[in-house]
There are 2 protein chains.
Amino acid sequence: MQFVPKCDDIFAAAEKIRPHIHRTPVLTCRNLNLLTGAELFFKCENFQKVGAFKFRGASNAVFSLLDSELKKGVTTHSSGNHAAALALAASKRGAKAYIVMPRTAPAVKKAAVESYGAEIIFCEPTLQARETTLAEVQKETGAIFIHPYNNAKVIAGQGTAALELLHDIPELDYIIAPVGGGGLLSGTALITSHLAPNTKIIAAEPANADDAYQSFVQGKIVPQTNPRTIADGLLTSLGELTFAIIQKYVHQIITCSEEAIIQAMKLTWERMKIIIEPSSAVPLGALLERKLDIKNKRIGIIISGGNVDLTKLPW
Amino acid sequence: MQFVPKCDDIFAAAEKIRPHIHRTPVLTCRNLNLLTGAELFFKCENFQKVGAFKFRGASNAVFSLLDSELKKGVTTHSSGNHAAALALAASKRGAKAYIVMPRTAPAVKKAAVESYGAEIIFCEPTLQARETTLAEVQKETGAIFIHPYNNAKVIAGQGTAALELLHDIPELDYIIAPVGGGGLLSGTALITSHLAPNTKIIAAEPANADDAYQSFVQGKIVPQTNPRTIADGLLTSLGELTFAIIQKYVHQIITCSEEAIIQAMKLTWERMKIIIEPSSAVPLGALLERKLDIKNKRIGIIISGGNVDLTKLPW
């Protein structure tokens, strides 16, 4: 039985992680407003530590543990932003982090995790190998598993990005977050439904990895089987905790083509002069495809991260 | 006889252009601090309107003209950021802008200038053709020529970027600006020598286009003959006005290899998650090459712009 996060957990998370995170800026772009006919407010988690919102959730999880609990370290399996986030959060408490990573992970991601002092345990690039290896690491080390999204402290931490956005920009008509495992989305939904009940909560997902949309429509978790999208942060399936919150509070899930993701990413680079990763471009991509009636609306968009291999750009 | 800009002209420019420009942020990056051993403060003119500091000078020039003077419009020759800046500044006053541009200018630059409502007059891609064509345009239209840098109002406008930086970040040991024609550098030097006399004023220049360095050392303007650098904003020679100020106030000109420019540009994209153009990477590139003793120093760096063709990256 897992602990279910509530709105107060997000307020508590905000206080707990405040000394450790960046309070990221909210940027606007007149040019993109003209293009979409709406007023867009971008919450720039690409400027967060480790380059992604994931540091909020990982920090909240790690800083919520007692010293005694942390003695044997923390562990997770991830080849992405959560791995780097957990590694940095653990290092800030002087704790060990064991990161299970597929052998095939990009060198740049391995280097990032190592630079924060974490120990990497390599496994074959399958979900089963990841889980088996993680179980072995837990058994050998006694480290505490911090799930990338299906964890109440992680969800509460991720919700602090929307909390800051709602503080900075009142009276949004919509708030849009990308959805992969649902940690960011469920934290966003929890805090927004509480603080801004008139703001509609929208998720954006690649059409080629639309398990959250399918789950939302069918009323049960539909696992992601064969995702074929450039949005490498959005490949995972929903968890029980995140799905329950999404079902309750999210108004709509909109999807976005691969072409629109790339177009939105390039537009953001060109017009806003900021680096965003493909996953972060999914909300704007869906708006460019007119998946939502946004004429003259005030729209908050959470830019989830900015970690991109600059030698492999999609244009 | 040209009007020579003074420090008060920069204060006046700041007031004049305040309603029209962005007050750009100063960003820091722990990672780049660790790498250089210094404390770096980046004044982000890549977030300025038209994506470059040039809008400050062009605005000051255009908003300093009387309605009667503006009736016949303004003109310049440029294929770069000054062209877009002058076009936008003129459009904000409802005035015509005639931009002389080489036939060979990139389509994206033509499109930018046209999007601000300016009229483009194409010429052959030589300096002589530019000047002849400009003279014809002036004769036919009566438009006022706004030189990209050898113009007191332009220099005063460019100096407002450093003014904001010095207001935001006190007690800098160094302030570093890239140098091409010297508009940004001379404005920066004027205001810094006045407001922060203990702050050393440094220019950074590509080693493969080091006419400013040669001019500085030889005590006379050495024209740029065959620049071979990726820093496409730094190809021009100094002007009389800018050189006089540079001689008087600049402490040192440091140069940077092409490899270091590319490395600094990529590092900034990766670590700071912001898009900067090659010219903007020259100061950091020179620091990476240890051209200055910066251990534990506080260093302001002016990021001049962020206009890059994303389909032609140098890595």
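Along every chain, residues carry numbers that run from 1 in the direction the sequence is written. To read the labels, note that chains go from A and ligands from 1, taken in the order they are written. Selection of residues for local features in this predicted model requires a pLDDT of at least 70, selection of side-chain atom pairs for listing and counting requires 80 or more, and totals for whole chains, interfaces and linings are taken over all residues. Hydrogens and water molecules were not included; the side-chain quantities draw on all heavy atoms of the structure.

**Some words on the packing of helix H1 (residues 7-17) of chain B against helix H8 (residues 152-168) of chain B**
Residue and element names in this part refer to chain B.
And step 1. Viewed as axis vectors pointing N to C, H1 and H8 meet at an angle of 85 degrees, and their least axial separation amounts to 8 Å. The pairing of H1 with H8 is recorded here as roughly perpendicular in orientation. Two secondary-structure elements touch here, H1 through Asp-9, Ile-10, Phe-11, Ala-13, Ala-14 and Ile-17 and H8 through Ala-156, Gly-157, Gly-159, Thr-160 and Leu-163.
And step 2. In the contact of H1 with H8, the residues fall into 7 nonpolar, 3 polar and 1 charged. Orientation is described by lines fitted to C-alpha atoms, with helices fitted over the stretch in contact, and by angles between N-to-C directions that extend from 0 to 180 degrees. The numbering of helices and of strands both runs from the N terminus, where a helix is a DSSP run of H or I of at least 4 residues and a strand a run of E of at least 2. By the definition adopted for this analysis, an angle is roughly parallel if under 35 degrees, roughly antiparallel if over 145, roughly perpendicular if from 65 to 115, and oblique otherwise. Whether two residues touch is decided by their heavy atoms; if any such pair falls within 4.5 Å, the residues are in contact. Residue polarity follows a fixed list, in which Ala, Val, Leu, Ile, Met, Phe, Trp, Tyr, Cys and Pro are nonpolar, Asp, Glu, Lys and Arg are charged, and the others, Gly among them, are polar.

**As for the pairing of strand E4 (residues 97-102) of chain A**
Consecutive side chains of a regular strand alternate in pointing toward one face of the sheet and then the other.
Residues and elements named next belong to chain A.
And step 1. A simple rule labels every residue: compare its accessible area, found with a 1.4 Å probe on the protein chains alone, to the largest value its type can have, and call it buried under 20%, exposed over 50%, or partly exposed in between. Among the 6 residues that make up E4, 6 are buried, leaving the element largely enclosed by the rest of the structure.
And step 2. Call a crossover right-handed when, viewed with both strands pointing away from you, the route from the first strand across the helix to the second goes clockwise. Regarding the hand of the β-α-β motif, the stretch spanning strand E3 (residues 74-77), helix H5 (residues 81-92) and E4 is right-handed.
And step 3. Paired strands, as defined in this entry, are two strands with at least two bridges between them according to DSSP. Sheet topology places E4 next to strand E5 (residues 119-123); 5 bridges connect them, and they run parallel. The partner of Ile-99 across the bridge, within E5, is Ile-120.

**Focus: the interface of chain B and chain A**
And step 1. At the interface, 16 residues of chain B touch 16 residues of chain A.
And step 2. Buried area: the accessible area, evaluated with a 1.4 Å probe, that two parts lose upon being put together, summed over both parts. Where chain B abuts chain A, roughly 1,300 Å² becomes buried across the two surfaces, and 72% of that area is made up of carbon and sulfur atoms.
And step 3. Counting the surface chain B buries against chain A, the share from its top three residues, Lys273(B), Ile275(B) and Leu310(B), is 48%.
And step 4. Salt bridges are defined by distance alone: a side-chain nitrogen of Lys or Arg within 4 Å of a carboxyl oxygen of Asp or Glu. Applying the counting criterion to the chain B and chain A interface returns 0 salt bridges.
And step 5. Of the residues in the side of chain B that touches chain A, the class split is 8 nonpolar, 5 polar and 3 charged.

**Examining the packing of helix H1 (residues 7-17) of chain A against helix H3 (residues 54-63) of chain A**
Residue and element names in this part refer to chain A.
And step 1. One can describe the packing of H1 onto H3 by two numbers: an axis separation of 9 Å at closest approach and a directional angle of 85 degrees. For the element pair H1 / H3, the angle class is roughly perpendicular. For the pair H1 and H3, the contacting residues are Ala-13, Lys-16 and Ile-17 in the first and Arg-56, Ser-59, Asn-60 and Phe-63 in the second.
And step 2. Here the contact of H1 with H3 is built from residues that sort into 3 nonpolar, 2 polar and 2 charged.

**A word on the relation of the copies chain B and chain A**
And step 1. Here the copies are matched by least squares. The fit uses the C-alpha atoms of residues with pLDDT of at least 70 in both. The operation relating chain B to chain A is a screw motion whose rotation component is 180 degrees, with 0.0 Å of axial translation and a residual RMSD of 0.0 Å. What the rotation and shift describe, once combined, is the action of a two-fold rotation axis. Within chain B, the C-alpha atom positioned nearest to the axis of rotation is that of Ile274(B), 2.2 Å from it.

**A look at the environment of Val62(B)**
And step 1. Position of Val62(B) among the secondary structure elements: in helix H3 (residues 54-63).
And step 2. For the pair Val62(B) and Ile144(B), spaced 82 residues apart in sequence, the C-alpha to C-alpha distance is 9.7 Å.

**Some details on the domain arrangement of chain A**
Residue and element names in this part refer to chain A.
And step 1. These domain limits were set by an automatic method or by a database of domain assignments. Splitting chain A by domain gives domain 1 (7-51 + 156-303) and domain 2 (55-145).
And step 2. Taken together, the contact between domain 1 and domain 2 spans 20 residues of the former and 14 residues of the latter.
And step 3. Interface area, domain 1 with domain 2, both sides summed: about 1,300 Å², of which 57% is carbon and sulfur.
And step 4. Considering only the side of domain 1, the residues that lose the most area to domain 2 are Lys-16, His-20 and Val-50, jointly responsible for 45% of the buried surface there.

**Quick notes on the state of the cysteines**
Each disulfide is one covalent bond, formed between the sulfur atoms of two cysteines.
Residues and elements named next belong to chain B.
And step 1. Pairs of cysteine sulfur atoms within 2.5 Å are identified as disulfides in what follows. Scanning the model with the defined rule gives 0 disulfides over all chains in all.
And step 2. Not part of a disulfide, Cys-29 finds its nearest cysteine sulfur in Cys-44, a span of 11 Å.
And step 3. What makes Cys-29 buried here is its relative accessible area of 8%.

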